[in-house]
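# Close look at the chain arrangement
Listed below are the residues making up each chain.
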Amino acid sequence: MMRHGRWELCVPGQERDVDECDNRATCLAAFMSGEVSRLKAAGRHGTARNYARARCSFIAFTGGEDVHLSCVDGTLMEAYETWLHQRGVVRNTVSFYMRILRAVYNRAVRSGLAVQSFPFDGVYTGVDRTPKRAVAGDVVARLCHLDLHGDANLTLARDMFVFSFCMRGMAFVDMVFLRKGNLRGGIISYTRRKTGRPLSVKMEPAALRIVERYADAASVYLFPVVTAEDGRTAYAQYEAGLGRYNRCLKRISLTLGLSVSLSSYVARHSWATSARDCGIPVSVIGSALGHASERTTLIYLDSLDDSVVDKANREVISVLDV
């Protein structure tokens, strides 16, 4: 489709030179740059990073050239998909990039900068099943009593993993940004950063003991991962903390001889799996995890009392006996 730096017949009966993308608002990668800036300004640094990654991938595909929004069609997207597969990119990552590009394109359509042509109908935007990422409750119980020889980083990683399991699979990003103000009367109330869904979780004794262990009068946060108040600096500290957390969990996995390597996702998956094994309905599990994309979960969210989920959580973590 691309030849000698020009996009051939991007619009039926018309050849468009890449130089025409000097009007940056009407070119895909340039429009994405604007979206990245908008997301950063809104404090959505993780989403901004993902958009930037997708943009870099697409620009690599086009050889560094931008593409006018009117040239974004099914043929182009299918060519991009083929290019990704040829480079060994797995299907879930392909879908990740495609969903981001689709979101940006649809926003451009809503802004009146492009005419909807449904260019993503012929490419993969689903989610493949991934290898098992859960461990049984008895593994978490072993973690609670594991001698880490006073290593502060390993101890914090272990404690946050157990805390996540006790708090209905709370995501790492939500844990590190928990503030003291989120804890009232033995209940933590917070908003999921990924979905914007508000959640309230009753703290069981095991979780409360972990929070008390890291109490710091000088910090507004419950855990010593993020210290900054500035959004950009705080997000950089979160990213560094996430990398450190996963490295420490990998070391702990080797110590325990686990077949599934522990990671920031495993505590969440493990809680959900344990809840399912306890016979807890999928609707309750989805509500506990704060899912916003499952229709069945959404139906139950408005009517499900938090006490039902707290009771389910108590049953799941009872295996810890701590």
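The structure reproduced in this document is the subject of the present report.

The rules behind each value
- Position numbers for residues start from 1 in each chain and track the written sequence from start to end.
- Residues qualify for local features only when their pLDDT is at least 70, as the model is predicted, and side-chain atom pairs are given and counted only at 80 or more; totals for whole chains, interfaces and linings, by contrast, use all residues.
- Only hydrogens and water are set aside; all other atoms, that is, all heavy atoms of the structure, feed into the side-chain values.
- Helix and strand assignments come from DSSP, with helices taken as H or I runs of at least 4 residues and strands as E runs of at least 2, each series counted from the N terminus.
- In what follows, a contact means two residues having at least one pair of non-hydrogen atoms within 4.5 Å.
- For accessible areas, the Shrake-Rupley method is used with a probe of radius 1.4 Å. Any residue's cover is judged against the shown protein chains and nothing else.
- Note on classification: 1.4 Å probe, protein chains only; a residue is buried when its accessible area is under 20% of the maximum for its type, exposed when over 50%, partly exposed between these limits.
- Pairing between strands is defined by DSSP: at least two bridges between the two strands are required.

Moving on to the overall build of the protein chain. Tallying secondary structure elements over the protein chain gives 13 helices and six strands in all. Restricting the contact set of the protein chain to residue pairs at least 6 apart, pairs at least 24 apart contribute 62%. Per element, the accessible surface of the protein chain, about 16400 Å² overall, is 51% carbon and sulfur.

As a further point, take the pairing of strand S6 (residues 198–202). With burial as the criterion, only one face of S6 is covered, namely that bearing Leu 199 and Val 201; the residues Pro 198, Ser 200 and Lys 202 on the opposite face remain uncovered. Examined bridge by bridge, strand S5 (residues 187–191) and S6 share five bridges and lie antiparallel to one another. Within the sheet, the bridge partner assigned to Ser 189 lies in S6 and is Ser 200. Hairpin remark: S5 followed by S6, antiparallel, with six residues in the connecting loop; positive phi at Gly 196, about 75 degrees.

Turning next to the sheet that holds S5. Read from one edge to the other, the open sheet built from three strands follows the order S4-S5-S6, with strand pairing classed as antiparallel. Among the strands making up the open sheet, the edge pair consists of strand S4 (183–184) and S6. Strand direction decides the pairing type here: S4 and S5, joined by two bridges, are antiparallel. Looking at S5, one finds that Arg 184 is bridged to Ile 187.

Remember that the coordinates give geometry; whether it matters functionally is a separate question.
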